[in-house]
Every structure is written in structure tokens, then in C-alpha cells.
Amino acid sequence: MLIKILINYIIGYIRISVEGYYIERFINICRNNKITIWNLKRDKNVKLELNIGIKDLREIAKISKQTKCKFKIIRKRGLPFLFNRYKKRKIFFAFLIFMIIVLAISSNFIWNIEIIDENNEQIENIYQDVLDAGLSIGKLKSKLNTKEIINEIRLDRDDIAWMGIELKGTNAIVKVVKSTSKPEIIDEQDYCNIVSDKKGIITKINAQNGTIAAKVGDTVNIGTTLINGWMEGKYTGIRYVHARGEIEAKVWYTKTKKMLYNPTERIETGNIENKYRIKINNFEINLSKRLSKFKIYDTIEQENKFKIFSDFYLPISIIKTTNKEVKEEQKDYTIEELKLLGIEELQKELDNEIENKERIVNKIVNTYEKDDGIELYVTYEVLENIGINEKIVF
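Novice: Mind showing me how you'd approach the nonpolar core here?
Specialist: In summary, soluble globular proteins display a tendency toward joint burial of nonpolar side chains. Core analysis: the largest hydrophobic core is formed by 25 residues, its most contacted members being I202, L226, I247, Y380, V382 and I386. Of all the secondary structure elements, the ones that give two or more residues to this core are β9 (200-209), β12 (225-228), β15 (244-260), α8 (335-353) and β21 (373-385). Setting aside its immediate chain neighbours within four residues, I202 contacts K215, V216, G217, D218, V220, L226, I247, E248, A249 and I386.

Set out below in C-alpha cells:
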């Protein structure tokens, strides 16, 4: 149906109104004769508006006489009528043809690359890797080998579980699934020790299988053996096992920050200016002066690409540059105010990092006054289960 409507637009179609008491019969006869009608709109009970192809006009006239309905042409649509309307405007007509040719040629190239992270997990430098692999703006679609691009990127990176490239119009949609790093899985039949995966002080240790190698109160580092994967019996001697157990430790999370005595802060004044430039592929045209009227400012850039349909991008975009004026003010904090501000910031960072806040057993704050500022250290002591399996290699 959609293809027929598109063909009718190319060859021309008209919108007519049909009036009479046998409109249903009129529609049925049209359908029986395989006449394409669309966009029907009924007005009251005896009047109907619809679109028909220009080639079906004579047949419609016969059917309207057969069903004793009156019809009249409301408007004409399609390329033939458009060309006829503007045939005296040669410049416009030439420009229209030129634009059609440009669009036809542009449709063979990639003008936009869209990266979609399926799990909403940001993958660093993936856009640059896609460009380096050969998928770039302005690339001819027929020259692209998406399989080679995917294979090249996946060989260079081990943080991608799956990747796919879909070409829609002039848009290349790159879908990526980030892989999650998993610890080495050791078979239950393999001999292994349990070693520490964090630095801390042992508060509880229980060996279900194997020999305890650390005791409560010991300070352990990453890699320290906690439970050995062997057991010694009076009659059996030493035999190796798959170590199992539970180990709890008090581990530390530390954040540090330096606060200057007289810090300079940037404050937005509320004054902004917008500048625009047109970008055609790699060529840019400035529509305003580049120099800002502000002495100190922050800049935000936003690029909007032209597109005709949802996935038909053009090699044209408008770049909007927003400059926000800021002023620098030197603050005069007391030492105690600086300490409070810094400690509050560090505690917020640690609170966001630690999931199980109920297991925080202690908070330690250390401050050191220097010549130019104060160094702050905030440490959280947290009770956590530690220990990972490490295979015994003979």
C-alpha cells in the first residue's frame, strides 16, 4: 500500500469529494476494481473526501455515475503538478533538481555515527576506536566491511562482550555490550588456597576445609594467604584440598584533598552569549565573531546535524557555542571553615563509594596544616568479607 501511494505521488494524485447516498457502494466498487484510495475522511453521512491516482480519474467518473454520486476535484498533488506550477521559475526548478541529485549522492555515504551502550555502561574511547578501524564520517557505504571493523575492535579490546554495526540511511548505529570482568573460576576438584584480596585487619576467620594461616588481629595485605589448601593428619600426613572458609576483616577506604587558604572560586554572573557556525563535512563557516565579549567565561558547544528522516543525515550541521560569563572571587575562609568544607566533600565521595554503610565501624579524620593550605585525610573502617581462591601450582 505504501509503495502504491509513493508511486502515485511520483506520477501525481488528486483529492476528490464524493457526495451521495451510495458512498459505501462507491468504495466497494473501487476496491473490487483494484483502484487505490487512501486518506479517507467522511463528512456527515453523504459526503466523503479521499485521494486517488490521476490515472484512475476516468474510472472514478464512471463509478460515480454508476452509483449516482457527485464528485469534484478539491486539490492536486504530486511531482507533475509541482513541476507544472514552477515551470516558469527556472532557477527554482534547477535548484530543486540539484538538491535531489545532492541527496541521491549523499545517501551513499555515512554522515552520522551513533554509539549505543546496551547496558548503559560507558565504554571509554570506543568512538575513537570505531574511527580508527575505518568507520568514519564521509565514508562510502559500499566500501565498508562491518565484520572487519567489529573484529579489529574486539581484538584490540577485552572489555567488549558483543558488538554490532547497523547501517540505516546515512546513519551508522554501533551497538556495544560491555563485558564484566569475572574472577577466575577454580574447579571444586582443584587444590587451592584462600588469599586476601584487600588490605585490612582480620576480625573473624573460620576454615571449613584447609588450614588457617592467619589469626584474628593480624594485618594482611593483598595476596596474603589466609587459609592454606592442605591439611595434616597424624596418620595421613599432608594432603591437599580445595580450601573453604569465611574471613571477615576491617578494611580501609581513604580519600585525601588539599584546601588552599585563600581559594579563588569561579561564579557565574548569569550573562551568556550564543555564537553559531555552519559545518559542511569538515568545512566551517562562522556566522558571528569568534572573540567573546567576556574576559572570563566557560564554553559549552552543541552540534545539531541536519536530517530529513529519522536516519537520513546530511553532511551539514549547525554548531551552537554558548559562552557563560564567570567572575573569579577570592574567598577568605578560616582554618576551621576550610576543614569542615573539605571533610564534607571527602565524606560524600566515600559515602557514594561504599554500598553497605551499616558496616562502617569507624571514621578517622586527619588534618595537616601546610604553608599554603591544609591537607585532609578521611578514612572509613568497614567490616567486609575478604578472600579469593588461588590455585595451587606444583
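Novice: Sorry if this is basic, but what is going on with α8 here?
Specialist: Every α-helix carries 3.6 residues per turn, so stepping three or four residues along brings you back to the same face. Between its first and last C-alpha atoms α8 spans 27 Å; for 19 residues at 1.5 Å apiece the expected length is 27 Å, and the two agree. Buried within α8 are the following residues: L338, K339, G342, I343, L346 and L350. Projection of α8 onto a plane perpendicular to its axis shows the buried side chains occupying an angular sector of 120°, all on one side. Exposed side of α8, more than 90 degrees from the buried face: L340, K348 and N352 are the residues found there. Next to the buried residues of α8 lie β15, β20 (360-369) and β21.

Novice: Teacher, can you tell me more about the sheet that holds strand β16 (residues 264-280) here?
Specialist: Across a sheet, strands are paired by hydrogen bonds formed along the backbone, either parallel or antiparallel in direction. With antiparallel pairing, four strands are arranged side by side in an open sheet as β17-β16-β19-β18. Either end of the sheet is taken by a strand with one partner, and the two such strands are β17 (283-286) and β18 (297-309). Ignoring strand direction, the axes of neighbouring strands in this sheet form an average angle of 35°. Summarising the sheet, β16 and strand β19 (residues 312-330) pair through 14 bridges and their orientation is antiparallel. Its bridge partner being in β19, E268 is matched across the sheet by V326.

Novice: When you look at the sheet that holds strand β7 (residues 171-178) in this model, what are you seeing that I'm missing?
Specialist: Read across the sheet, three strands follow the order β5-β7-β6 without closing on themselves; strand pairing throughout is mixed. Because the sheet does not close on itself, it has two edges, and the strands there are β5 (112-117) and β6 (160-168). Shown here is a sheet whose adjacent strand axes are inclined to one another by a mean of 15°, direction ignored. Note: β6 against β7, eight bridges, orientation antiparallel. Paired with K168 across the two strands is N171, which belongs to β7.

About the cut-offs
Residues numbered from 1 in each chain as written. Predicted model: local features only at pLDDT ≥ 70, side-chain atom pairs only at ≥ 80, totals over all residues. Heavy atoms only, no water. Core = buried A, V, L, I, M, F, W, Y, C linked by side-chain atoms within 4.5 Å. Buried < 20%, exposed > 50% of the residue type's maximum accessible area, 1.4 Å probe, protein only. Helix = DSSP H or I, 4+ residues; strand = E, 2+ residues; numbered from the N terminus. Contact = heavy atoms within 4.5 Å. Expected span 1.5 Å × (residues − 1). Arc of directions from axis to C-beta. Pairing = 2+ DSSP bridges. Axes fitted to C-alpha atoms, helices over the stretch in contact; angles between N-to-C directions.

Just distances and angles here, no functional claims.
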